[in-house]
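Observations on the model geometry
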Amino acid sequence: MPQDPMDFEWSYWIEWGRERILWLLAGHLLVSQMSRLLVEKYKPWCLMVYGMAACWLLLGIKGFAVILLHAAISFAVAQFQLSLLTWLCSLILLSTLRIPAVEETKRKWYSTENEYYLLLFTVSVRCLFCTSFSLEYCWHAPTQKSSHSFPWMLAYVFYYPTFHNGPLMNFDEFSKQMRRQEAFRVKTNLSILIVGIIRIFFWWCLAELMIHLMYIHALYSSALPLESASYWALGGLALAQVLFFYVKYLVLYGVPGLLLQMDGLKPPALPCCVSLMHSFTKMWRSFDVGLHRFLVRYIYVPMGGSQSSLLGTLLSTALTFAFVSYWHGGQSYLWYWGALNWLGVIVENGTKRILSISLIQDLI
């Protein structure tokens, strides 16, 4: 039975995974386990060299140069140790992905559109990693300078399991865990690997069944069946779409998460099932945990967060969702999506504050 071709993200990553990325991830696993067994002290540098080689192989020397240039510029700007300047640099670098002349130049580097999109997705994710490192550099004490060097930035930026699509892991977590040296246990790692592969294979089979049998995205791409459907049917379609999105990311984040575990790191928690969620706040906290930690640490809290006045909380939340919308592409529908999510979070938090008033509680 033919599959629903309308979910670009799933088809795209599965195709790349089968062709090259899974083989490169297997190579990373081999290098990682050998370095943990033989040269634990030099593991970050072994993985850095492997990640750079894998980047060169997939994206070519020009794609590799773009990512290296972004890292070098971010590191140079971070030397001023000004968070505002670092954010300005990050936004400018991110905006270069949307300049038509730059896009056309990059497209000419590759023979297929899929190769160009791989560079685009990779650079957009690397921008977040460069931002995380640069802000941590701005905040670190002079005594910690050796742990925030340019080689450590490259080890973080070129760490291959999270290279193309995440999940996001902040630099402070990455560096602490990567420096931690633990006893290497072959049996323990082997059991983690086998159980992890079985779980990911089950999720992949479930996603393939959904995309071959349900045709959720094909229905959404045509106005006629949606106009004739009842409200109950539309609700069912919406639930089916978000459930597929959840299963899809169990696979897309599950594979790199398993490799993080094999490297002795603690990956961000996998997405929580959307059927268990009933609030915008919980959705943002527990679906993409790595992105949530990034947004809270580098945007929401520095802008005041929940500890500031009502206006400050509204502003910090708005800036957080504005960045999410811009990073995802900045198209008009993404601004609407971000605004609706912002409104949902504000209404929920406002309701909680009202219900926490003692007079309201007494009335209830």
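Residue numbering note: each chain is counted from 1, following its sequence as written. Residue-level local features of this predicted model are given only where pLDDT is at least 70; pairs of side-chain atoms are given and counted only at 80 or more, and the full residue set underlies all totals for whole chains, interfaces and linings. Think of the side-chain values as coming from all heavy atoms in the structure, minus any hydrogens and water.

Some thoughts on the packing of helix α2 (residues 43-78) against helix α6 (residues 150-157)
- Close contact between α2 and α6 brings their axes to 9 Å; oriented N to C, the two are set at 110 degrees. Here α2 is positioned roughly perpendicular relative to α6, judged by the angle of their axes. Of the two possible hands of crossing, α2 and α6 adopt the one that is right-handed. Between α2 and α6, the contacting residues are P44, W45, M48, I67, L68, A71, A72, S74 and F75 on the first element and F150, P151, W152, M153, L154, A155 and V157 on the second.
- In the scheme used here, Gly and all other residues not listed as nonpolar or charged are polar, with Ala, Val, Leu, Ile, Met, Phe, Trp, Tyr, Cys and Pro taken as nonpolar and Asp, Glu, Lys and Arg as charged. Of the residues assigned to the contact of α2 with α6, the class counts are 15 nonpolar, one polar and no charged. Orientation is described by axes fitted as lines to C-alpha atoms, over the contacting stretch for helices, and by angles from 0 to 180 degrees between their N-to-C directions. The helix count covers DSSP runs of H or I at least four residues long, the strand count covers runs of E at least two residues long, and both are numbered beginning at the N terminus. Orientation categories follow fixed angle ranges, with anything under 35 degrees roughly parallel, anything over 145 roughly antiparallel, 65 to 115 roughly perpendicular, and all other angles oblique. Here a crossing is called left-handed whenever its near helix is offset anticlockwise from the far helix by less than a right angle, and right-handed whenever the offset is clockwise. Every residue pair with non-hydrogen atoms within 4.5 Å of one another is taken to be in contact.

A closer look at the UniProt feature "transmembrane region" (unreviewed entry) in the chain
- UniProt positions are given in the numbering used here, feature names are shortened, and annotations may be inferred rather than shown by experiment. Under the present numbering, the feature "transmembrane region" (unreviewed entry) in UniProt falls on residues 20-39, 46-69, 75-95, 116-135, 150-169, 190-211, 231-252 and 310-328.
- Within residues 150-169, the helical portion is 40% and the strand portion 0%, while the C-alpha atoms at the span's ends are 18 Å from each other.
- From the first C-alpha to the last, residues 190-211 spans 31 Å; its make-up is 100% helix and 0% strand.

Topic: the pattern of salt bridges
- Any carboxyl oxygen of Asp or Glu within 4 Å of a side-chain nitrogen of Lys or Arg constitutes a salt bridge here. Inspection of every chain in the model, using the stated rule, returns eight salt bridges.
- Among the ionic pairs, R107 bridges to E113, the shortest N-O distance being 2.9 Å.
- Among the charged side chains, a salt-bridge network with shared partners connects D7, E9 and K248.

With respect to the nonpolar core
- Put simply, buried Ala, Val, Leu, Ile, Met, Phe, Trp, Tyr and Cys residues joined by side-chain atoms within 4.5 Å make one nonpolar core. Per-residue accessibility, obtained with a 1.4 Å probe over protein chains only, is compared with the maximum for each type, and a residue is labelled buried under 20%, exposed over 50%, and partly exposed between these values. In this structure, L59, F158, F174 and F323 are the most contacted members of the largest nonpolar core, which totals 90 residues.
- Of all the elements, α2 adds the most residues to this core, at 14 residues.
- Taken domain by domain, this core gets at least three of its residues from each of domain 1 (8-179) and domain 2 (270-363).
- The residues contacting F323, other than those within four sequence positions of it, are W87, L91, L94, L128, F294, L295 and I299. In this document the domain limits rely on a domain assignment from an automatic tool or a database.

Quick notes on a nonpolar patch on the surface
- Exposure above 30% relative accessible area and the lack of any salt bridge qualify a residue for a patch; like charges then connect within 9 Å, and the nonpolar side chains Val, Leu, Ile, Met, Phe, Trp and Tyr within 5 Å. Accessible surface is estimated by sampling points in the Shrake-Rupley manner with a 1.4 Å probe; for residues, cover comes only from the protein chains shown. Taken together, the side chains of L30, M34, L37, L38, V39 and Y42 present a nonpolar region at the surface, about 600 Å² in accessible area.
- Relative to the helices and strands, Y42 resides in the loop between α1 (8-38) and α2.

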